[in-house]
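Now for the letters of each chain:
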Amino acid sequence: MEEESELLKKRREKIDSLKADGIDLYPNDARVGDTTASVSERFGPMVPEELEKITERFTLAGRLMAVRDFGKGAFISIQDRKGSLQAFLRKNQLGEKTFSLFKRLDIGDIIWVAGRVFKTRTGELTIDVEENGLRLLSKSLRPLPEKWHGLTDVEIRYRQRHLDLIVNPEVRKVFHQRSRIISLIRRFMEERDFLEVETPMMQPRAGGAVARPFKTFHNTLGMNLSLRIAPELYLKRLITGGMERVFEINRNFRNEGISTFHNPEFTMMEFYQAYATYEDLMTMTEELFVHIVRELFDSPKFRYQGKEIDLTPPWRRLTVRDAVVEIGGVENALLDDAGRMADLARKLGITVKQSDPPGKVLMAIFDETVEQNLIQPTFVTHYPIDVSPLSRRNAQERTLADRFELYICGKEIANAFSELNDPVDQRGRFEMQLREREDGDLEAHEMDEDYIGALECGMPPTAGEGIGIDRIVMLLTDSASIRDVILFPLLRTRDGGEHLAARCPHDND
RNA sequence: GGGUCGUUAGCUCAGUCCGGUAGAGCAGCGGACUUUUAAUCCGUUGGUCGCGGGUCCGAUUCCCGCACGACCCA
């Protein structure tokens, strides 16, 4: 048995003493009528004389966050989901028994108080706790992080998010904002008559994007499955099914690296609208973003990591080619010469294979020279067909796709295109992807006969878009890392992942 | 995968360059205090210095490896 810490031992002693007095450490019969916010919003503005006339009694519950003890009286702070409020405990008012309970409480305990409101000399709204108006609802055995500096160790913050949420109010605020943003998006879509749907997370073939999947296995069916990398192919089957306008806000899983902008599971909204084009979606995207920031900030502008971002439409529109020339500083004529383009890519440190199609090399150059410079919202258009296996071909330029990506603060935020609904062309695109897969590209799209079968039934002309929800939340909460907007980001297990990896060999390689 | 930095008390951090087994604040514990709010005042407990090796009379400190994390790069 491992030696118990001094602090834990002291708490256990207190527990024994409370139990000896017949006090239930985890009762379940407390009724809570109010919140810290409901009380402070109503009475905060009142002067002491007005408060004296209030005879109403309030009941609050929450976590004991601070104690300022004066011997026969004490101020305490109670924190609930809405904020915190101060309460005043007086020995002669609480009664001997309840006051002795208070003396054995610890910061971190969940408590219940009842009493009337008043204002202290310093003007702070306070609950004057009544006789027997204090109860212990749940005993805390572990000390909380320090009250002033809070919890700053990011590893503990992510691994023990509960502690982070208890002591860091700005963290709670980020996740409230996240919920608000998603709710605004959902309402925006519903108002435009989009139907919210849910499509499979476990898919026989992970399609709809260019990425490596996580693989798993269904025992009863004896079937290999992948966690989805995108819902795209299923959503478009719904379009074929006549739903015409659908959206899904849900998790995607990509078996790739982790960075400040990448978590292996992340949240995307994808939506599809029949009888629309990618150009319609640019307008709609502008409207969506402006709607969100106006609701949040009452302005089309916001700051991210010191930069002011202005979402006032219309946003800049730029073809991939123009972007690489104007922003990347690449000579225009070079882009028509596959050999020179590959040389440039290699000079930029990009690994180029002989078999790589020119469009793929162009996009690698774009990623290297342009992406991080697109700070203000920018639609990049005219993507090469080579890297757009599910997009409609441009009517004039047959090697280009009717597609855009949205960049803000140097990061890809959305990807959209007019959908390829010609099953013959689609089969050809899949075959091209298969050749890339044979050349060693593990991210290349697989052949999906079921999807082609659906296209053969006739899919209406449609445009679709995917928007990275985590990244929007990062931008709008000024968060530097995606881990700050995901409650439980993926981290390595503490005891080292090596033996676990050995026991569960993965078949992705 | 590579580079840089980090890991010391429950938490926030010193100390390590220049080797002699550790300090502060908060929390905790004891005492005083019934309008404080990082309450105050007096006293005080608490540490396998991330883990494993090596060098050395002696390692938290120097060297090597590993784990975990952060940032950057691929």
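Further up the page is the structure itself.
All figures in this text were calculated on a predicted structure; none of them were measured in a lab.

Here the focus is the packing of helix α9 (residues 232–240) against helix α15 (residues 449–456). The geometry of α9 relative to α15 is characterised by a closest axis approach of 9 Å and an angle of 20° between their N-to-C directions. When the axis of α9 is compared with that of α15, the two are roughly parallel. Taken as a pair, α9 and α15 cross one another with a handedness that is left-handed. Side by side, α9 and α15 meet where L233, K236, R237 and T240 of the first sit next to D450, Y451 and A454 of the second. Of the residues contributing to the contact of α9 with α15, the split by class is three nonpolar, one polar and three charged.

As a further point, take the sheet that holds strand β5 (residues 125–138). In space, the five strands of this closed barrel follow the order β1-β2-β3-β5-β4, with mixed pairing throughout. The average undirected angle you get between the axes of adjacent strands in this sheet is 55°. Direction of pairing for strand β3 (residues 83–90) relative to β5: parallel, over a ladder of three bridges. Each residue of the ladder has a partner; that of Q86, found in β5, is T126.

Glancing now at unusual backbone geometry. Residue P314 is bonded to the preceding P313 through a cis peptide linkage, with omega at 0°. Position of P314 among the secondary structure elements: in the loop between β13 (307–310) and β14 (316–319). Here the phi dihedral of D298 falls at roughly 60°; this positive angle occurs in a residue that is not glycine. In the Ramachandran plot, D478 falls in the positive-phi region, its phi being about 55° despite a non-glycine side chain.

Here we come to the nonpolar core. Ranked by internal contacts, the top residues of the largest apolar core, which has 48 residues, are I185, M189, M269, F271, F289, L311 and I408. Here this core gets ten residues from one element, more than from any other, and that element is helix α10 (residues 278–297). In this structure I408 touches F289, I309, L311, L374, I375, P377, I413 and L475, once residues within four positions along its chain are discounted. Residues F58, A87, L94 and L136 belong to the second largest nonpolar core, which totals 29 residues.

Turning to the environment of D478, a few remarks are in order. Looking at where D478 falls in the secondary structure, it is placed in the loop between α16 (469–476) and α17 (498–503). Separated by 175 residues in the primary sequence, D478 and R303 have C-alpha atoms spaced 7.0 Å apart. Apart from the residues within four sequence positions on either side, D478 is in contact with R303, Y304 and Q305. Within the local environment of D478, its side chain forms a polar contact with the backbone nitrogen of Q305, the two atoms lying 2.6 Å apart.

This brings us to the pairing of strand β1 (residues 58–69). Pairing geometry for β1 and strand β4 (residues 110–119), over six bridges, is antiparallel. Along β4, the bridge assignment pairs R63 with I110. Sheet topology note: the β1/strand β2 (residues 73–80) ladder contains six bridges and is antiparallel. Residue pairing in the sheet places V67 in a bridge with I76 of β2. Here β1 folds back onto β2, and the loop between the two strands holds three residues, one of which, G71, carries a positive phi near 90°.

Thresholds applied
Residues numbered from 1 in each chain as written. Chains lettered and ligands numbered in written order. Predicted model: local features only at pLDDT ≥ 70, side-chain atom pairs only at ≥ 80, totals over all residues. Heavy atoms only, no water. Axes fitted to C-alpha atoms, helices over the stretch in contact; angles between N-to-C directions. Helix = DSSP H or I, 4+ residues; strand = E, 2+ residues; numbered from the N terminus. Parallel < 35°, antiparallel > 145°, perpendicular 65-115°, else oblique. Left-handed = near helix turned anticlockwise from the far one by under 90°. Contact = heavy atoms within 4.5 Å. Nonpolar A, V, L, I, M, F, W, Y, C, P; charged D, E, K, R; others polar. Pairing = 2+ DSSP bridges. Core = buried A, V, L, I, M, F, W, Y, C linked by side-chain atoms within 4.5 Å. Buried < 20%, exposed > 50% of the residue type's maximum accessible area, 1.4 Å probe, protein only. Polar contact = N/O pair within 3.5 Å; in protein donor to acceptor, adjacent residues only side chain to side chain.

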